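Each chain, letter by letter, is given below.
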Amino acid sequence: MTIQFKNETFRDDFTFSNSPEAIRRFPFPFDKDQYMYAVNIEQHMPGPAKSATEFPIDIDEHYVSEMRDRALVLKADPLRCQSLPHMITAEWDLVELLMESMAKHYPEHFTLTRDGDRWHWINRPLEIDQTFTFGDAATLPCPPMEYVTRQCQGDFCLLDQRNDNLWMDAGIVTTQADWSLDFDMGMNFMEWHGPVPLAHDMGVFDRALKFLLNLQQGRPVRRLNWTMTVNPRLDTSPENYHKWGIDRTTVTPENVGNKVHLRVELQALWRLPRSNAIVFSIRCYLIKMEELVTIPKWGRRLHRVLRDLPPELVDYKGLTRFRDTTVDYLARHDDGAPTSPGFFPD
Amino acid sequence: MLVSNIKSRPVYGGLKVDDAARRHLVAAEGEGALAVLAAFAGRAEATARATVLYAPGGSAGEDHAAKLAALGLDDLFVMPSQATLITRLNVILATATMGTRLYAAGVEGFIGSVVAAGMAHGVDQASIRTEHRGSLARRVQCVHCKGMTENVTVSPVVCSHCGIQLLVRDHFSRRLGAFQGVSVNAETPGEIPPAEELYA
């Protein structure tokens, strides 16, 4: 099936929107009417056809425009892509994982031909045709992690495993929910989660780390995380917070349906074969409130989740200034009817 | 000892002499000299194999340097500033041999700089022995312009480079040896909350 790639923006005039098909396949993160932290890790098994988890790496209608936005972010701030020298093997592992998966599941858009170390990669949507030697960084126009992730939706971190911990020693991060790769580079799992409220005392991170240290090759896992973003801005980085923070004050009852977006991260983790590092992918999906309420179950449920959210989480997720306006809007789409269990539309 | 519930903030375990080390490479600033004196005084075996770099900083009037000199160290470099100390430390680390143990003592920002220098030379950060002494002032990195502001005792604080009013977050990077500063009024331009004395 050929994807019709949209031409849209995630900054300035914000022309981003979801087609009806993209709305149906949105990875809605709430399986019941309230939300609290949980480790919520599951096997990254193929989901239903056409869903965001049908394939390990999801390419959708926003692909071309998202890659254009990533290039703009990197041009303005090269520190969004960093890798410590010992991570080069993991970088090549990532090239293999992403190219293999994209070529296998989207053959009409991507082709990978391997002849020993001689690889030939064709990316039709971005009009790239590259022959290179696997393992020889000099044969690519930029370092391997940067090369492949400039062509794949989602942020990617490469986590080294040593001393019974995971270390954020490489990554490309341009679509983040307010965290800084540059600041967190070299941190271990507990350290980079330091600012998250409540969850430490609940033991969430101890359990998650223990689980991830035992992650097996060929058995990737995933979880969903969420926040809300004013305007469909992918680059909500702390680096640029002094520029986009003001957006949070612009929500009114008239524009809330178009301006406020549920931002869902499909996070997946793979063990890599050569380096024993872990890939941590953070794929961002955005949906406007007016798009979300076209699925009646989701409109009802998000209203109840947001209305009853613990105050610490309202603050941490940065929702304080527009939560009430959003709850009022969603209340009009909640008739009080019971919702069915599970994530998917009825 | 500095006690903190900030998960990313390092725990400083104290300056214990590693008897198995062939060479003790010690970086100290200000009141950190007292930690060096406490650890190494009366340990002739250790001081004969010790190189100490010391920047007196705000403790210049205390005469700690003379007490360090009296330890009988193999080498003592008294440096005019933290920056020149780190430069010298990098030179020594570049030619350091197996069996060298790295130590750092002083204010938190200084320890962070020493640890960062060690890591850049392949020293495992967990192997570096550290002791916090002196002021609780923080070193803060502006997340926007990446500039470092030293000796921060209040929040918000003005970035000494780009001038943005920064909220000092309880998030610490060992690699940078600094806390994170983020614009405090991006959502309320012009409003500047009163500075609170937090870490004097």
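All of these numbers come straight from a predicted model, not from anything done at the bench.

**A short note on the overall build of chain B**
The secondary structure content of chain B amounts to five helices and twelve strands. The C-alpha atoms of chain B give a radius of gyration of 18 Å, which matches the 16 Å a tight globule of 200 residues would have. When each of the 200 residues of chain B is scored for burial, the buried share is 44%. Taking the contacts inside chain B whose residues are at least 6 apart along the sequence as the reference set, 67% of them involve residues at least 24 apart.

**Remarks on the nonpolar core**
In terms of nonpolar packing, the biggest core is built from 70 residues, with L94(A), L98(A), V148(A), L158(A), L159(A), I278(A) and V279(A) touching the most fellow members. Apart from the residues lying within four places of it in its own chain, the contact partners of L158(A) are M87(A), A90(A), E91(A), L94(A), M145(A), D169(A), A170(A), G171(A), A277(A) and V279(A).

**Focus: unusual backbone geometry**
All names here are of chain B. Look at the link from S155 to P156: it is a cis peptide, with omega at 0 degrees. Looking at where P156 falls in the secondary structure, it is placed in the loop between strand 8 (154–155) and strand 9 (157–158). Backbone geometry places N151, a non-glycine residue, at a positive phi of 55 degrees. You can call N151 partly exposed: it has 15 C-beta atoms within 10 Å.

**Notes on the domain arrangement of chain B**
Residues and elements named next belong to chain B. Taken domain by domain, chain B holds domain 1 (23–132) and domain 2 (138–197). The C-alpha-based centres of domain 1 and domain 2 are spaced at 28 Å. Between domain 1 and domain 2, the residue contacts involve nine residues of the former and eight residues of the latter. Tallied by class, the residues present in the side of domain 1 that touches domain 2 amount to four nonpolar, four polar and one charged.

Conventions we followed
Residues numbered from 1 in each chain as written. Chains lettered and ligands numbered in written order. Predicted model: local features only at pLDDT ≥ 70, side-chain atom pairs only at ≥ 80, totals over all residues. Helix = DSSP H or I, 4+ residues; strand = E, 2+ residues; numbered from the N terminus. Rg over C-alpha atoms; globule rule 2.2 N^0.38 Å. Buried ≥ 20, exposed ≤ 12 C-beta atoms within 10 Å, placed from the backbone. Contact = placed C-beta atoms within 7 Å. Core = buried A, V, L, I, M, F, W, Y, C linked by C-beta atoms within 7 Å. Domains from an automatic or database assignment. Nonpolar A, V, L, I, M, F, W, Y, C, P; charged D, E, K, R; others polar.

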